[in-house]
Amino acid sequence: YRCCFRNDVSAEQIKEDEMKVKEQYVKKVGKELIRLREEHGLSVMELAYKAKIPTSTIYRYKNGMGIKIDKLADILKVYKMSLATFFVERVGAK
């Protein structure tokens, strides 16, 4: 099927495109984390305390940098939200 494969796109271009999509997705996760924190009226320090993670981790995540799934799960526990709910209802909805 020709619709699925393009001969004029290099492997390097595909990799670049994948990196762009990943960066955009991670930034979207960060934005949703900010929204959640603000909706619950928490400061970064309060969230970090409740999630039992360093404030630097919260700052990195809100800026869309280096999100680790286990730490994200710890943050979401503060909101009584599962990873699945977060990704389906929050990140995938916008």
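Residues numbered from 1 in each chain as written. Predicted model: local features only at pLDDT ≥ 70, side-chain atom pairs only at ≥ 80, totals over all residues. Heavy atoms only, no water.

J.: Would you explain the overall build of the chain in this entry?
T.: Secondary structure assignment for the chain yields five helices and zero strands. Ordering the α and β elements of the chain from the N terminus gives α-α-α-α-α. Looking at the chain as a whole, 28% of its 94 residues qualify as buried. For the chain, the exposed area adds up to about 7000 Å²; of that, 56% sits on carbon and sulfur atoms. (Helix = DSSP H or I, 4+ residues; strand = E, 2+ residues; numbered from the N terminus. Buried < 20%, exposed > 50% of the residue type's maximum accessible area, 1.4 Å probe, protein only. Areas by Shrake-Rupley, 256 points an atom, 1.4 Å probe, with all protein chains shown as cover.)

J.: Would you take a moment to explain the nonpolar core for this structure?
T.: Burial of nonpolar side chains together is a common tendency in soluble globular proteins. Counting 18 residues, the largest nonpolar core has Leu33, Ile58, Ile75, Leu76, Tyr79 and Phe86 as the members making the most contacts within it. For this core, the secondary structure elements donating two or more residues are helix H1 (11-39), helix H2 (44-51), helix H3 (55-62), helix H4 (69-78) and helix H5 (83-91). With four residues, H2 is the largest single contributor of residues to this core. Residues in contact with Tyr79, not counting those within four places in the same chain, are Leu36, Arg37, His40, Leu42 and Leu47. (Core = buried A, V, L, I, M, F, W, Y, C linked by side-chain atoms within 4.5 Å. Contact = heavy atoms within 4.5 Å.)

J.: Before we go on, may I ask you to explain the confidence of the model for the chain in this structure?
T.: The predicted coordinates ought not to be read in detail in places where the model reports low pLDDT. Confidence in the prediction for the chain averages 85 pLDDT; 88% of positions are at 70 or higher. Predicted confidence in the chain is weakest over H1, with a mean pLDDT of 85, and strongest over H2, with 95. (pLDDT = per-residue confidence, 0-100.)

J.: Could you clarify how one ought to interpret the side chain of Glu32 in this entry?
T.: Within the secondary structure, Glu32 is located in helix H1. Classification of Glu32 by relative accessible area gives buried; the value is 1%. A distance of 2.3 Å separates a polar atom in the side chain of Glu32 from a polar atom in the side chain of Arg35. Within polar-contact distance, the side chain of Glu32 engages the side chain of Arg90 at 3.1 Å. (Polar contact = N/O pair within 3.5 Å; in protein donor to acceptor, adjacent residues only side chain to side chain.)

J.: Honestly, H4 in this entry has me stumped. Any pointers?
T.: Side chains that are three or four residues apart share a direction in an α-helix, a result of its 3.6 residues per turn. Buried within H4 we find Leu72, Ala73, Ile75 and Leu76. Each buried residue of H4 sits inside an arc of 160° when the element is viewed along its axis, so together they form one side. Buried residues along H4 sit against H1, H2, H3 and H5. Of the residues trailing H4, Lys80 is marked for its positive phi of about 55°. (Arc of directions from axis to C-beta.)

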